[in-house]
Amino acid sequence: MQKVKLTANPQIAVIFKGWSNDWAKESQADQKDMATKFHTVYKIAADAFANGEEVELTFVSALFSDCKQKAEMAAAMNEKVKASLQADDERAQRIIAKVNTAAQDAAYVVNYLNNVLLQSA
């Protein structure tokens, strides 16, 4: 497998750590559910970017795809939130703000990972 050396990037490490912590709240240590898997992957990514580790290129590619999907799906997610929480606009706005923040973070990571992928090609 081809490997790539990630340069330490504290900003990206914080993004992945935040996502890992969010998923940790949903995961159950004794089960291999999606929440546990996302928590684990984002924790590994956070550590890799915190320390500037060498990782497999497929891992970087998977992170790129995941973040790209997050960024692209934000508008649709916001529409679903508005529709389902019409009676609670305050709560809807809080959730929309969180979705938008995650999308902005994901877009930042996508740009960075795109450069990593291009340099490794």
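Per chain, residue numbering runs from 1 following the sequence as it is written. Per-residue local features are limited, in this predicted model, to residues with pLDDT of at least 70; the limit for side-chain atom pairs, both in listing and counting, is 80 or more; totals at the level of whole chains, interfaces and linings are taken over all residues. For the side-chain quantities, the full set of heavy atoms in the structure was used; hydrogens and water were omitted.

Comments concerning the pattern of salt bridges
Test applied: Salt bridge, as used here: a side-chain nitrogen of Lys or Arg that lies within 4 Å of a carboxyl oxygen of Asp or Glu. Labels follow the DSSP assignment, with helices taken as runs of H or I lasting at least four residues and strands as runs of E lasting at least two, numbered in each case from the N terminus. Residue burial is assigned from relative accessible area. The probe radius is 1.4 Å, only protein chains are included, and a residue is buried under 20% of its type maximum, exposed over 50%, and partly exposed in between.
Taken as a whole and assessed by the stated rule, the structure comprises four salt bridges. The partner of E79 in a salt bridge is K82, and the shortest N-O contact between them spans 3.7 Å. Separated by three residues within a single helix, E79 and K82 lie in helix 3 (residues 57–84), roughly one turn from each other. Residue K82 is classed as partly exposed on the basis of its relative accessible area, which comes to 41%.

Brief notes about the packing of aromatic side chains
To keep it simple, the criterion reads: For Phe, Tyr and Trp, where Trp contributes only its six-membered ring, two rings pair if their centres lie within 6.5 Å, and the inter-plane angle classes them as stacked under 30 degrees, edge-to-face over 60, or tilted in between. Consider the ring centre and the ring normal. A charge sits over the ring if Lys NZ or Arg CZ is within 6 Å of that centre and within 35 degrees of that normal.
With the rule as written, the count across this model stands at seven aromatic pairs. A centroid spacing of 5.8 Å and a plane angle of 25° characterise the contact between F38 and Y42, whose relative ring orientation is stacked. Highlighted residues: F38 and Y42, both in helix 2 (residues 34–51), separated by four residues, approximately one helical turn. Look at F38 and you get partly exposed, because its relative accessible area is 25%. Grouping aromatic residues by their ring pairs yields a cluster made of F16, W19, W23, F38, Y42, F49 and Y112. Here the guanidinium or amino end of K70 rests over the ring plane of W19, the centre of that ring lying 4.8 Å away.

Observations concerning the environment of N115
Inspection of the secondary structure puts N115 in helix 4 (residues 89–120). Distance in space between the C-alpha atoms of N115 and M77 is 27 Å, their sequence separation being 38 residues.

Looking at the packing of helix 3 against helix 4
Definition in use: The angle between two axes is taken between their N-to-C directions and runs from 0 to 180 degrees, where each axis is a line fitted to C-alpha atoms and a helix contributes only its stretch in contact. Put simply, angles under 35 degrees are roughly parallel, angles over 145 are roughly antiparallel, angles from 65 to 115 are roughly perpendicular, and the rest are oblique. Handedness of each helix crossing follows the sense of rotation of the near helix against the far helix: counterclockwise by less than a right angle gives left-handed, clockwise gives right-handed. Only Asp, Glu, Lys and Arg are considered charged, only Ala, Val, Leu, Ile, Met, Phe, Trp, Tyr, Cys and Pro nonpolar, and every remaining residue, Gly among them, polar.
The contact between helix 3 and helix 4 brings their axes to 8 Å, and the two run at 155°. What the angle tells us is that helix 3 and helix 4 run roughly antiparallel. For the crossing formed where helix 3 meets helix 4, the hand is left-handed. The residue inventory of the contact of helix 3 with helix 4, partitioned by class, reads 21 nonpolar, five polar and three charged.

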